[in-house]
Amino acid sequence: SFQVLGSSGKLYTCYSSCHFCTCPAFGFSVLQKSESLLCKHILAVYLSQAMGACQELAVSEEQLTSILLAEEEEEG
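Residues numbered from 1 in each chain as written. Predicted model: local features only at pLDDT ≥ 70, side-chain atom pairs only at ≥ 80, totals over all residues. Heavy atoms only, no water.

J.: Mind showing me how you'd approach helix α1 (residues 24-32) here?
T.: A turn of α-helix holds 3.6 residues, and therefore any two residues three or four places apart point the same way. Restricting attention to buried positions, one finds in α1 the residues Phe26, Ser29 and Val30. Summarising the axial view, the buried residues of α1 lie within an arc of 100 degrees, below the 170-degree limit, and thus occupy one face. Facing away from the buried surface of α1 by more than 90 degrees, the exposed residues are Pro24, Leu31 and Gln32. Contacts made by the buried residues of α1 are with β3 (20-21) and α2 (40-51). Trailing α1 by a residue or two, serine 34 shows a phi angle of about 55 degrees, which is positive. (Buried < 20%, exposed > 50% of the residue type's maximum accessible area, 1.4 Å probe, protein only. Helix = DSSP H or I, 4+ residues; strand = E, 2+ residues; numbered from the N terminus. Arc of directions from axis to C-beta. Contact = heavy atoms within 4.5 Å.)

Next comes the structure, spelled out in structure tokens:
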């Protein structure tokens, strides 16, 4: 998974393996309306991978869980 800093300053988690992002635009435009294939955050992941501009960090399962739970709390 990748963390992408949104234009609002919020961090979103993108899963390129299953083509999913936690941002509201992905949920609305891609999942609900089927108007788009991806959001700008997934596009940013693909572009940064192609350019070799990703910063990789090893994250344990516990760290990943706390990241995802923190995102849910912010949205709640």
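J.: Hey, could you run me through the sheet that holds strand β1 (residues 2-5) in this one?
T.: Two pairing modes exist for strands in a sheet, parallel and antiparallel, and in both the strands are linked by backbone hydrogen bonds. A sheet is described by the order of its strands in space; here three strands give the open sequence β1-β2-β3, paired in antiparallel fashion. Either end of the sheet is taken by a strand with one partner, and the two such strands are β1 and β3. Both strand β2 (residues 11-15) and β3 contribute to a ladder of two bridges, which runs antiparallel. Bridging from a neighbouring strand, tyrosine 15 pairs with phenylalanine 20 of β3. Across the sheet, α2 lies against β1, β2 and β3, angled at about 110 degrees from β1, the strand it touches most. (Pairing = 2+ DSSP bridges. Axes fitted to C-alpha atoms, helices over the stretch in contact; angles between N-to-C directions.)

J.: Any chance you could explain the nonpolar core here in plain terms?
T.: Taken as a class, soluble globular proteins show a tendency for nonpolar side chains to be buried jointly. Listed in full, the 10 residues of the largest apolar core are Val4, Tyr12, Cys14, Cys21, Cys23, Phe26, Val30, Cys39, Ile42 and Val45. Those elements that provide at least two residues to this core are β2, α1 and α2. Once you skip the residues sitting within four places of it in the chain, isoleucine 42 turns out to touch Cys14, His19, Phe20, Cys21 and Phe26. (Core = buried A, V, L, I, M, F, W, Y, C linked by side-chain atoms within 4.5 Å.)

J.: Would you mind going over a nonpolar patch on the surface with me for this structure?
T.: On the surface, a nonpolar cluster with roughly 520 Å² of combined accessible area is contributed by Leu37, Leu38, Leu43, Leu47 and Met51. Relative to the helices and strands, leucine 37 is located in the loop between α1 and α2. (Patch = residues over 30% accessible without salt bridge, like charges linked within 9 Å, V, L, I, M, F, W, Y side chains within 5 Å. Areas by Shrake-Rupley, 256 points an atom, 1.4 Å probe, with all protein chains shown as cover. Salt bridge = Lys/Arg side-chain N within 4 Å of Asp/Glu carboxyl O.)

J.: Sorry, what's going on with the environment of glutamine 3 here?
T.: For glutamine 3, the position within the fold is in strand β1. For glutamine 3, a relative accessible area of 41% puts it in the partly exposed group.

J.: Which parts of the structure should I look at to understand the UniProt feature "domain: SWIM-type" (unreviewed entry) in the protein chain?
T.: If you check UniProt for "domain: SWIM-type" (unreviewed entry), the listed places come out as residues 12-50 in our numbering. Here residues 12-50 runs as 51% helix and 15% strand, with 20 Å between its end C-alpha atoms. (UniProt positions renumbered as here; feature names shortened; annotations may be inferred.)

J.: Mind showing me how you'd approach the pairing of β1 here?
T.: Along any regular strand the residues' side chains alternate between the sheet's two faces. Pairing geometry for β1 and β2, over four bridges, is antiparallel. The partner of phenylalanine 2 across the bridge, within β2, is cysteine 14. The turn linking β1 back onto β2 is made up of five residues, and glycine 9 within it adopts a positive phi angle of 95 degrees.

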